[in-house]
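Below, each chain spelled out in residue letters.
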Amino acid sequence: MNDVELNEQARNLVLEYELDESPEKVWRAISMPEFRERWLPRRELAGAEPVSTAPGKEISYRMRDDEPPFLESLVAFQVRPSNDGGTILRIIHGLEDERLAPRTPPAANSNRLWLMRAA
C-alpha cells in the first residue's frame, strides 16, 4: 500500500472484494438501474442518476440519509479483472458533508485564553 492509498483510507471507508463473476457481469449489477435496485434501492440515493461514470471501470452515486440530519456521501464502485478471471470490486465511501469535518482545536501557542476545569 502506498502513501496515496493510506491517505485515501484515512478520509474514506475503502472496501475491496474478490468476486468469482466476470467484470462485465459485476459492471451490469452496479450500473444498470434494474439490477442495482436489488441491492442499492433508489430511496438510498440522493439522485437516481450516477454522478460520474467511466464505463466498465467506475461509477459513483450520491447517497443521502433518510433521517435527519440527512448527511450526504459519495460512493464510488471500481471494477477491475482479477488474475483468476473474476473481478475485484473496490467500494470507496466518502463522507463529504461539511458537518462531519473534523474541528481542529486552536494550537497551544495561539495566544488564546484557555478555560480549565477541575474534575
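Each chain carries its own residue numbering, running from 1 in the written order of its sequence. Residue-level local features of this predicted model are given only where pLDDT is at least 70; pairs of side-chain atoms are given and counted only at 80 or more, and the full residue set underlies all totals for whole chains, interfaces and linings. In computing side-chain values, all of the structure's heavy atoms are included and hydrogens and water are not.

### Re the overall build of the chain
- Strands are runs of DSSP state E lasting at least two residues, helices are runs of H or I lasting at least four, and both sets are numbered from the N terminus onward. When helices and strands are tallied, the chain shows 3 helices and 5 strands.
- In the chain, which comprises 119 residues, the share counted as buried stands at 27%.
- Any two residues whose heavy atoms approach within 4.5 Å at even a single point are treated as in contact. Relative to all contacts within the chain whose residues are 6 or more apart in sequence, the contacts with residues 24 or more apart total 42%.
- Per-residue and other accessible areas were derived by the Shrake-Rupley procedure at a 1.4 Å probe size, with only the shown protein chains allowed to occlude residues. Taken as a whole, the chain presents about 9,100 Å² of accessible surface, with 52% of it coming from carbon and sulfur. Three exposure classes are used, based on accessible area relative to the maximum for each residue type with a 1.4 Å probe and protein chains only: buried under 20%, partly exposed in between, and exposed over 50%.

### Notes on the nonpolar core
- By convention a nonpolar core is built from buried Ala, Val, Leu, Ile, Met, Phe, Trp, Tyr and Cys residues, the set being connected through side-chain atoms within 4.5 Å. Judged by nonpolar contacts, the single largest core of 13 residues is most densely connected at Ile 30, Leu 40, Ile 59, Tyr 61, Phe 77, Val 79 and Leu 89.
- If you list the elements that add at least two residues to this core, you get helix H2 (23-31), strand S3 (58-64), strand S4 (72-81) and strand S5 (87-95).
- When sequence neighbours within four positions are dropped, the list of residues in contact with Ile 30 reads Arg 36, Trp 39, Ile 59, Tyr 61, Phe 77 and Val 79.

### Observations concerning the sheet that holds S3
- In short, DSSP must find at least two bridges between two strands for them to pair. Read across the sheet, 5 strands follow the order S1-S5-S4-S3-S2 without closing on themselves; strand pairing throughout is antiparallel. The strands lining the two open edges of the sheet, one partner per strand, are strand S1 (12-19) and strand S2 (52-54). Across the sheet, the mean angle from the axis of one strand to that of its neighbour is 15°, orientation sign disregarded.
- A fitted line through C-alpha atoms represents every axis, and for helices the fit uses only the stretch in contact; the resulting angles, taken between N-to-C directions, go from 0 to 180 degrees. Across the sheet, H2 lies against S1, S2, S3, S4 and S5, angled at about 165° from S4, the strand it touches most.

### Digging into the pattern of salt bridges
- Definition used for salt bridges: Asp or Glu carboxyl oxygen within 4 Å of a side-chain nitrogen of Lys or Arg. Inspection of the entire model under this criterion finds 6 salt bridges.
- Here Glu 16 ties to Arg 90 by a salt bridge, and the two come within 3.6 Å at their closest N and O atoms. Pair noted here: Glu 16 is in strand S1 and Arg 90 is in strand S5, with a separation of 74 residues, a long-range link.
- According to the relative accessible area criterion, Glu 16 is partly exposed, its value standing at 46%.
- Taking relative accessible area as the criterion, Arg 90 reaches 13% and is therefore assigned buried.
- It is possible to trace a salt-bridge network through shared partners that takes in Glu 16, Arg 80 and Arg 90.

### Remarks on the packing of aromatic side chains
- Two rings belonging to Phe, Tyr or Trp (six-membered ring only in the last case) form a pair when the distance between their centres is within 6.5 Å. Interplanar angles under 30 degrees mark stacking, angles over 60 mark edge-to-face geometry, and anything in between is tilted. Overall, the coordinates contain 2 aromatic pairs when judged by the stated rule.
- Each ring, one from Tyr 61 and one from Phe 77, has its centre 6.1 Å from the other, and the planes form 70°; the classification is edge-to-face. Of this pair, Tyr 61 sits in strand S3 while Phe 77 is found in strand S4, placing the two residues 16 residues apart along the sequence.
- Classification of Tyr 61 by relative accessible area gives buried; the value is 0%.
- Three or more aromatic residues joined by ring pairs make a cluster, and in this case those are Trp 39, Tyr 61 and Phe 77.

### Some points on the pairing of S5
- The element S5 is largely enclosed, with a buried count of 7 among its 9 residues.
- Pairing geometry for S1 and S5, over 8 bridges, is antiparallel. Its bridge partner being in S5, Leu 19 is matched across the sheet by Thr 87.
- Two elements, S4 and S5, share 9 bridges in a ladder whose sense is antiparallel. Its bridge partner being in S5, Ser 73 is matched across the sheet by Leu 95.
- Linking two consecutive strands that pair antiparallel, namely S4 and S5, is a turn of 5 residues; a positive phi of about 95° is found at Gly 85 within it.

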